[in-house]
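Chain residues, written in single-letter form:
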Amino acid sequence: MTSPILSVRDLERRYGDFIGCTDISFDVWPGEVVAIVGESGSGKTTLLNCISGRLERSSGSIQYHMRDGRFPDLADLSEAERRFLMRTDWGFVHQNPADGLRMRVSAGANVGERLMAIGDRHYGEIRDTATEWLGRVEIAGDRIDDKPVAFSGGMRQRLQIARNLVTRPRLIFMDEPTGGLDVSVQARVLDLLRGLVSDLGLAVVIVTHDLAVARLLSQRMIVMKNGRIVETGLTDRVLDDPHHPYTQLLVASILES
Amino acid sequence: MTLPEYNFAYLDEQTKRMIRRAILKGIAIPGYQVPFASREMPMPYGWGTGGVQVTAAILGPDDVLKVIDQGADDTTNAVSIRAFFAKTANVATTTKTADATVIQTRHRIPEAPLSAGQVIVYQVPIPEPLRFLEPRETETRVMHGLEEYGLIHVKLYEDIAQHGHIATTYAYPVKVEDRYVMDPSPIPKFDNPKMNGSPALQLFGAGREKRIYALPPFTHVVSLDFEDHPFQVQKFKQPCALCNATGVYLDEVVTDDRGGRMYVCSDTDHCETRRQDGHHGTGLPIAGQETVKEDAA
Ligand SMILES: Nc1ncnc2c1ncn2[C@@H]1O[C@H](COP(=O)(O)OP(=O)(O)OP(=O)(O)O)[C@@H](O)[C@H]1O
Ligand SMILES: [Mg+2]
Ligand SMILES: [Zn+2]
């Protein structure tokens, strides 16, 4: 029997007296894509940043299944362990690629950084691996020495994805990964993501306010409102047969537009 | 006219004690950047106020001071700093590497090997080797603390990707005692191997950035590289035109306005000593000028 890769219980994050998110409990299973949806200000980013160790929680537990079989709370890991996890076993794809890339170094170095961070010291091998990953995100090999500033928004986002996947992580967090892109390039990035996620068997927690993105990528959905989960379930079920009035409103508003 | 009253070596004793504490901490943790309360010195920051403060803190009345700038004892910067300590500390000064007990330097390590009991003080403009790719000080501090040094190799990777080889020739990053990555100040990488296992005490002072770091004698210092692009020092095709020395760092000197040039020791003391010892190069400047005149005639 397998166990969850990530397990969140009674999570709360306050900003002073204001509640960013509260009463959050859910599991993420290996290879599963979970979408967190909800209107602006509902606490999606707050939740994602807490569970990815980027923001301190106010209370609750967040356990991660390490490769060695341990299942510690992230708070019990040393800072060194946590940071190591973040650049090996995890990935984080930001909405704005500039937040997740080094804009002043080449595409090859952007992809190679994690390899160098874990001790790879052979230039030729690092470059070969970078070339391979650029190919997997459909960036031509001859762009390897170009800096991301010379790339289009879609290319930057694909580069950010490659940079995250090069260490073969098991869990990826994404905050509106296609949110900043033109509609015309969103589809390509989404297709690519879907292919990579299933090829690599990645577990993904993706924040989006776009229900079409949730439908395309995720198996399970968490609907948030005012910092709380109002409904969870299989994505198709939630979208086709929403139970909570807020979800019904959300789905209806999409159908209308 | 009455001269202003200075404490010995300009700084007051309390400040010197504070700087010495930072130096001692630096020596205890080789390669670690120790913050210190850098003082205003009567010279601009670009002049090596960090090095000057370190020198002021360690100087005793019996010391013999040598100051070099890019290897030369006679630049304005070197002459001024030497004069500053001759006046404020009344110490003996020298241009001879072997005679000095304290050597303050900007951008070079002397060619003559340093010996036990000598102290070399480097003037450092930017002490943080990670700053190039990570401007946030809070983040670089954590990186040093957790030994996360992948970024240094990102920079070296970029060098190779752009130039086909590691093109960093100055301030080439080193790893100290297999722990801290350190910026050796803008010395040519040619000098990097001299830092490794040196019997001299090496101190680094960054005035504007308020950092001191140190390499105690016989510290293990390794220049970072890739397996397939190993660290190499600059090599010169010809010996020094003045003293015929090989295996030393040479500066290019333009000898006329028609593109004539020659390569001479950047370490002026080393070059002069060799010439006094009877060594001659092929391109002594007088001969060179005569040739030019003949050509022009
Ligand atoms: N640093 C902060 N300090 C105070 N309040 C904050 C902070 N960050 C977020 N909030 C508040 O917490 C609530 C949740 O914000 P969050 O960014 O998590 O929402 P979101 O669902 O990601 O919204 P969006 O779709 O606009 O990105 C909002 O009301 C926001 O104003
Ligand atoms: Mg958000
Ligand atoms: Zn010479």
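Structure: above.
Now for a look at the structure at hand. (Residues numbered from 1 in each chain as written. Chains lettered and ligands numbered in written order. Predicted model: local features only at pLDDT ≥ 70, side-chain atom pairs only at ≥ 80, totals over all residues. Heavy atoms only, no water.)

So, about the overall build of chain B. Looking only at helices and strands, chain B features eight helices and twelve strands. The C-alpha radius of gyration of chain B comes to 20 Å, within 12% of the 19 Å expected for a compact globule of 297 residues. Projected onto its principal axes, the C-alpha positions of chain B cover 65 × 60 × 30 Å. Each of the 297 residues in chain B was classed as buried or not, and the buried ones make up 52%. Nonlocal contacts in chain B, meaning residues at least 24 apart in sequence, comprise 62% of its contacts between residues at least 6 apart. As displayed, chain B offers around 13,800 Å² of accessible surface, 54% of which is attributable to carbon and sulfur atoms. Taken as two groups, the 30 positive and 38 negative side-chain charges of chain B have centres that lie 4 Å from each other. (Helix = DSSP H or I, 4+ residues; strand = E, 2+ residues; numbered from the N terminus. Rg over C-alpha atoms; globule rule 2.2 N^0.38 Å. Buried < 20%, exposed > 50% of the residue type's maximum accessible area, 1.4 Å probe, protein only. Contact = heavy atoms within 4.5 Å. Areas by Shrake-Rupley, 256 points an atom, 1.4 Å probe, with all protein chains shown as cover. Lys, Arg positive; Asp, Glu negative; His and termini not counted. Charge placed at Lys NZ, Arg CZ, Asp CG, Glu CD.)

Further remarks concern the coordination of the zinc ion (ligand 3). Residue and element names in this part refer to chain B. Donor atoms from the polypeptide that coordinate the zinc ion (ligand 3) comprise Cys-240 (SG), Cys-243 (SG), Cys-265 (SG) and Cys-271 (SG), at 2.2 to 2.3 Å from the metal. Geometry at the zinc ion (ligand 3) is tetrahedral, judged from the four donor atoms that bind it and their angles of 105 to 118° at the metal. Of note, the zinc ion (ligand 3) draws all its donor residues from one chain, in the sequence arrangement C-x2-C-x21-C-x5-C. In terms of burial, Cys-240 and Cys-243 fall into one category: buried. (Donors = N, O, S within 2.8 Å, 3.2 Å for Na, K, Ca; no water. Tetrahedral: all angles 85-135°; square planar, octahedral: opposite > 155°, others 65-115°.)

As a further point, take the site of ligand 1. Residue and element names in this part refer to chain A. Around ligand 1 sit Tyr-15, Phe-18, Glu-39, Ser-40, Gly-41, Ser-42, Gly-43, Lys-44, Thr-45 and Thr-46, and those are all the residues in its vicinity. The separation between an oxygen atom of ligand 1 and a polar main-chain atom of Ser-42 is 3.3 Å. Gly-43 places a main-chain nitrogen or oxygen 3.1 Å from an oxygen atom of ligand 1. Expressed as a share of its isolated accessible area of 630 Å², the protein-covered part of ligand 1 is 57%. Of all the elements, helix 1 (residues 44-51) adds the most residues to the shell around ligand 1, at three residues. Grouping the constituent residues of the shell around ligand 1 by class yields two nonpolar, six polar and two charged. (Near = heavy atom within 4 Å. Polar contact = N/O pair within 3.5 Å; in protein donor to acceptor, adjacent residues only side chain to side chain. Nonpolar A, V, L, I, M, F, W, Y, C, P; charged D, E, K, R; others polar.)

All names here are of chain A. Relative to strand 2 (residues 18-28), strand 1 (residues 6-15) runs antiparallel, the two being bridged by seven bridges. Residue pairing for strand 2: Ser-7 is matched across the bridge by Asp-27. The hairpin formed by strand 1 and strand 2 contains two residues between the paired strands, and Gly-16 there has a positive phi angle of roughly 65°. Direction of pairing for strand 1 relative to strand 4 (residues 59-64): antiparallel, over a ladder of five bridges. Note that in strand 4 the partner of Arg-9 across the bridge is Ser-61. (Pairing = 2+ DSSP bridges.)

Among the eleven residues of helix 4 (residues 107-117) of chain A, ten are classified as buried, and the element is accordingly described as predominantly covered. Among the residues making up helix 4 of chain A, those that are buried are A:Ala107, A:Gly108, A:Ala109, A:Asn110, A:Val111, A:Gly112, A:Glu113, A:Arg114, A:Leu115 and A:Met116. Structurally, helix 4 of chain A contributes buried residues whose contacts are with helix 2 (79-88), strand 5 (90-93), helix 5 (123-136) and helix 6 (153-165) of chain A together with helix 5 (150-163) of chain B. A positive phi of about 105° marks A:Gly119, the residue just after helix 4 of chain A.

Looking now at the sheet that holds strand 5 of chain A. Residue and element names in this part refer to chain A. A sheet is described by the order of its strands in space; here six strands give the open sequence 5-6-7-3-8-9, paired in mixed fashion. This sheet does not close on itself; its edge strands, each paired only once, are strand 5 and strand 9 (228-234). The average angle at which neighbouring strand axes cross in this sheet is 15°, direction not considered. Its contacts with the sheet put helix 1 on strand 3 (33-38), strand 5, strand 6 (171-175), strand 7 (203-207) and strand 8 (220-225), and the angle it makes with strand 6 is roughly 155°. (Axes fitted to C-alpha atoms, helices over the stretch in contact; angles between N-to-C directions.)

Residue and element names in this part refer to chain B. All buried positions along helix 7 (residues 268-276) are accounted for by Thr-268, Asp-269, His-270, Cys-271 and Arg-274. Those residues of helix 7 that are buried are in contact with strand 2 (64-69) and strand 12 (261-265). The N-cap residue of helix 7 is Asp-267: its side-chain oxygen and the backbone nitrogen of Asp-269 are 3.2 Å apart.

One non-glycine residue, B:Tyr10, lies in positive phi territory at about 70°. Positionally, B:Tyr10 belongs in the segment before helix 1 (13-28).

A word on the pattern of salt bridges. All names here are of chain A. Scanning all chains against the criterion turns up 34 salt bridges over all chains. A salt bridge links Glu-113 to Arg-163, with the nearest nitrogen and oxygen atoms 2.9 Å apart. Taken together, the residues span a long stretch of sequence, with Glu-113 in helix 4 and Arg-163 in helix 6 at a distance of 50 residues. Assigned by exposure class, Glu-113 and Arg-163 land together as buried. (Salt bridge = Lys/Arg side-chain N within 4 Å of Asp/Glu carboxyl O.)

Contacts between chain B and chain A engage 22 residues on the former and 22 residues on the latter. Of the roughly 1,900 Å² buried at the junction of chain B and chain A (both faces included), carbon and sulfur atoms supply 57%. At the junction of chain B and chain A, the tally comes to three salt bridges. For A:Arg83, the salt bridge goes to B:Glu148, with nearest N and O atoms at 2.7 Å. In this assembly, chain B and chain A are joined by 13 residue pairs in polar contact (both at pLDDT 80 or more). Counting only elements with at least two residues in the side of chain B that touches chain A, the list comes to helix 4 (137-145) and helix 5 of chain B. (Buried area = accessible area lost by both parts, 1.4 Å probe.)

In this structure the tally under the stated criterion is 14 aromatic pairs over all chains. When the centroid spacing of 5.2 Å and the interplanar angle of 75° are considered together, the rings of A:Trp90 and A:Phe173 count as edge-to-face. With A:Trp90 in strand 5 and A:Phe173 in strand 6, this pair connects stretches of sequence that are 83 residues apart. When sorted by exposure, A:Trp90 lands in the same class as A:Phe173, which is buried. With a centroid separation of 5.0 Å and an interplanar angle of 40°, the aromatic rings of A:Tyr123 and B:Tyr157 are classed as tilted. Here the residue A:Tyr123 occupies a position in helix 5, and B:Tyr157 occupies one in helix 5, the pair thus bridging two chains. For the pair shown, A:Tyr123 and B:Tyr157 are each scored as buried. An aromatic cluster of three or more residues is present, and its members are A:Tyr64, A:Trp90, A:Phe92 and A:Phe173. For A:Arg104, the ring lying beneath its charged end belongs to B:Phe132, and the centroid distance is 5.8 Å. For B:Lys155, the ring lying beneath its charged end belongs to B:Phe132, and the centroid distance is 5.0 Å. (Phe/Tyr/Trp six-rings, centres within 6.5 Å; stacked < 30°, edge-to-face > 60°. Lys NZ or Arg CZ within 6 Å of the ring centre and 35° of its normal.)

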